[in-house]
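Per-entry structural report
What follows is the residue order along each chain.
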Amino acid sequence: MSKSVGIVAEYNPFHTGHKYQIDYLKQNGFDTVVVAMSGSRVQRGIPALINKHERAKMALCSGVNMVAEIPYPFSSMSAEGYAMAGMQTLKALDADAVCFGSESGDSKMLEEIAAYLLTEEYENSLQKYLEQKLPFPTAREKAIFDKYSFNKETISASNDILAIEYIKACKKLGWQPEIIALKRKGAGYNQTSEKDGFASASGIRKMISEYRYDNAFRFVPEESASVLETCLDRGNYFLPDNRWEKAVLFSLRSKTAQDFIEIADCNSELANSLEKAAAISSSMEMLFENLPTKRYTRARLNRIILAAFLDVKNDMPKDIQYIRLLGFDKKGEQHLKEISKSCPLPISHSAKILSEKSEECRIIAMTESRACDMQATFCKFSGEPRQDFVRKIVKI
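Values in this document were obtained by computation on a predicted structure and should not be read as measured data.

**Quick word on the overall build of the protein**
Assigned secondary structure in the protein consists of 19 helices and eight strands. For 396 residues, the compact-globule estimate of 2.2 N^0.38 gives 21 Å, and the C-alpha radius of gyration of the protein, at 20 Å, lies within 12% of that figure. With respect to the principal axes defined by its C-alpha atoms, the protein has extents near 60 × 50 × 45 Å. A buried classification covers 54% of the 396 residues belonging to the protein. Within the protein, contacts between residues at least 6 apart in sequence are counted, and of these 75% link residues at least 24 apart. For the protein, the computed accessible surface area is about 17800 Å², with 48% contributed by carbon and sulfur atoms. Distance between charge centres in the protein, computed from 54 positive and 52 negative side chains, equals 2 Å.

Spelled out as structure tokens, the structure:
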């Protein structure tokens, strides 16, 4: 009987570190790799480097068998919200196991911490530090160290933070897949320099922004390189530039504190700060300098700012409403046939079909479509709008 394994990823862009993970899984008995991939926006809130269907194609060319979308706003939530959306998607796709990159590679330790985060003891400890007006990540870290003496770098490392949230989400869903914590190789998540023959996605994006394409392609699998190369040649890629910054700032300046308070994850303190900061800032960097970054992380501020740009309110559906397939190969298509009748959520490649399933589905599909239009508009060469509802599935 075939075994399937699920991965949550951004593939922004797909690189040799991702290929290493997939090869490892195939070599260790997993026939089918299914991926829940961020749609047009990634967790930091900004658009992905290239279109989601092209990123799915890169993954399929390098061994992934099926790619499903994590739509916006789920793709740009905090680690907890993003992880839950990913696990809801992989559970619906009936993955037997879940694999994630990890700085520690210690699944037992990660599972122990995840279980603790669901206890009243943790909540009480966390609340104690939040009342001291500490940023949430710092309060969370201190609450964990009240209980354990694990390496501090592990608890604060990007991949292990997500790993803990993935496991916690599985527990909350009552789902018990096999957990595989694969120790990360090479450059760290936010490192822009290469290490041990690997580069991070952020490092590759930096190379592309500096037009060092030959360097960037050293870290993209040969099987996938032509997809990225075509996007770059045609100018179908997004990098934050002056046009983008001015558009965001204009959008922010058109809003009042009352408008901001209706945006997801924004409170009254931040709403007032955003109104004041937008009025006196001439760049995104200046905007962040004028916001209360000691108490609030830059990642959270970024998500709020870019939700405000798309006018995404705090009344959005809280859970994944459907499974949208971006692409598959023959093995992925077979997996789809095996799960299609038992899948607990509507499943299709068509945003139009899925948007008609319920009001909640329509809201999510339209929000993701707006995010796609925004990404296309601010590519190096502006792309066509309204493509998300007509784009065909990628088949390899």
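This is not the end of the story, as more comes after the structure.
**With respect to helix α11 (residues 222–233)**
For α11, spanning twelve residues, the distance from its first C-alpha to its last is 17 Å, which sits close to the expected 16 Å at 1.5 Å a residue. All of the buried residues in α11 are Ser224, Ala225, Val227, Leu228, Cys231 and Leu232. What you see down the axis of α11 is that its buried residues fit within an arc of 165°, all on one side. What points out from α11, more than 90 degrees from its buried face, is the exposed set Glu222 and Asp233. The inward-facing, buried residues of α11 contact α2 (52–61), α9 (201–209) and α10 (213–217). Backbone geometry just after α11 places Gly235 at a positive phi near 75°.

**What to know about the pairing of strand β4 (residues 97–102)**
Among the six residues that make up β4, five are buried, leaving the element largely enclosed by the rest of the structure. With two bridges connecting them, strand β1 (residues 4–9) and β4 associate as parallel partners. Bridging across to β4, Val5 finds its partner in Ala97. Strand direction decides the pairing type here: β4 and strand β5 (residues 178–183), joined by six bridges, are parallel. Each residue of the ladder has a partner; that of Ala97, found in β5, is Glu178.

**Thoughts on helix α17 (residues 330–339)**
Three or more residues of α17 are buried, namely Gly332, His335, Leu336 and Ile339. Buried positions in α17, seen along its axis, are confined to an arc of 105° and lie on one side of it. Projecting away from the buried face of α17 at angles above 90 degrees are the exposed residues Lys330 and Lys337. Where α17 is buried, its residues contact β1, β2 (32–38), β3 (66–70), α3 (79–92), β6 (323–328) and β7 (347–348). Here α17 starts with a cap whose side-chain oxygen sits 3.1 Å from the backbone nitrogen of Lys331, and that cap is Asp329.

**A short note on the packing of aromatic side chains**
Using the criterion set out here, one finds ten aromatic pairs in the structure. With a centroid separation of 4.9 Å and 70° between ring planes, the pair formed by Tyr11 and Phe14 is classed as edge-to-face. Here the aromatic rings of Phe100 and Tyr166 are separated by 5.8 Å at their centres, their planes lie at 35°, and the arrangement is tilted. Here the residue Phe100 occupies a position in strand β4, and Tyr166 occupies one in helix α8 (residues 158–173), the gap between them amounting to 66 residues. Summarising the burial analysis for this pair, Phe100 and Tyr166 share the class buried. Among the aromatic residues, ring-to-ring pairing joins Phe238, Trp244, Phe309 and Phe378 into one connected group. The residue whose ring lies beneath Lys3 is Phe30, and the NZ or CZ to ring-centre distance is 4.5 Å.

**Comments concerning the environment of Ser226**
Considering the arrangement of structural elements, one finds Ser226 in helix α11. Sequence spacing of Ser226 and Ser281 is 55 residues, and the spatial spacing of their C-alpha atoms is 40 Å.

**Digging into the nonpolar core**
Met87, Phe100, Trp244 and Ile305 are the most contacted members of the largest nonpolar core, which has 92 residues in total. The dominant element in this core, judged by the number of residues it contributes, is α3, at eight residues. Discounting chain neighbours no more than four positions away, the residues touching Ile305 are Val248, Leu252, Leu274, Met284, Leu287, Phe288 and Leu291. Counting 39 residues, the second largest nonpolar core, distinct from the first, contains Val33, Ala56, Ala199 and Val394.

The rules behind the values
Residues numbered from 1 in each chain as written. Predicted model: local features only at pLDDT ≥ 70, side-chain atom pairs only at ≥ 80, totals over all residues. Heavy atoms only, no water. Helix = DSSP H or I, 4+ residues; strand = E, 2+ residues; numbered from the N terminus. Rg over C-alpha atoms; globule rule 2.2 N^0.38 Å. Buried < 20%, exposed > 50% of the residue type's maximum accessible area, 1.4 Å probe, protein only. Contact = heavy atoms within 4.5 Å. Areas by Shrake-Rupley, 256 points an atom, 1.4 Å probe, with all protein chains shown as cover. Lys, Arg positive; Asp, Glu negative; His and termini not counted. Charge placed at Lys NZ, Arg CZ, Asp CG, Glu CD. Expected span 1.5 Å × (residues − 1). Arc of directions from axis to C-beta. Pairing = 2+ DSSP bridges. Polar contact = N/O pair within 3.5 Å; in protein donor to acceptor, adjacent residues only side chain to side chain. Phe/Tyr/Trp six-rings, centres within 6.5 Å; stacked < 30°, edge-to-face > 60°. Lys NZ or Arg CZ within 6 Å of the ring centre and 35° of its normal. Core = buried A, V, L, I, M, F, W, Y, C linked by side-chain atoms within 4.5 Å.

Everything listed is a geometric property; what it means functionally is a separate question.
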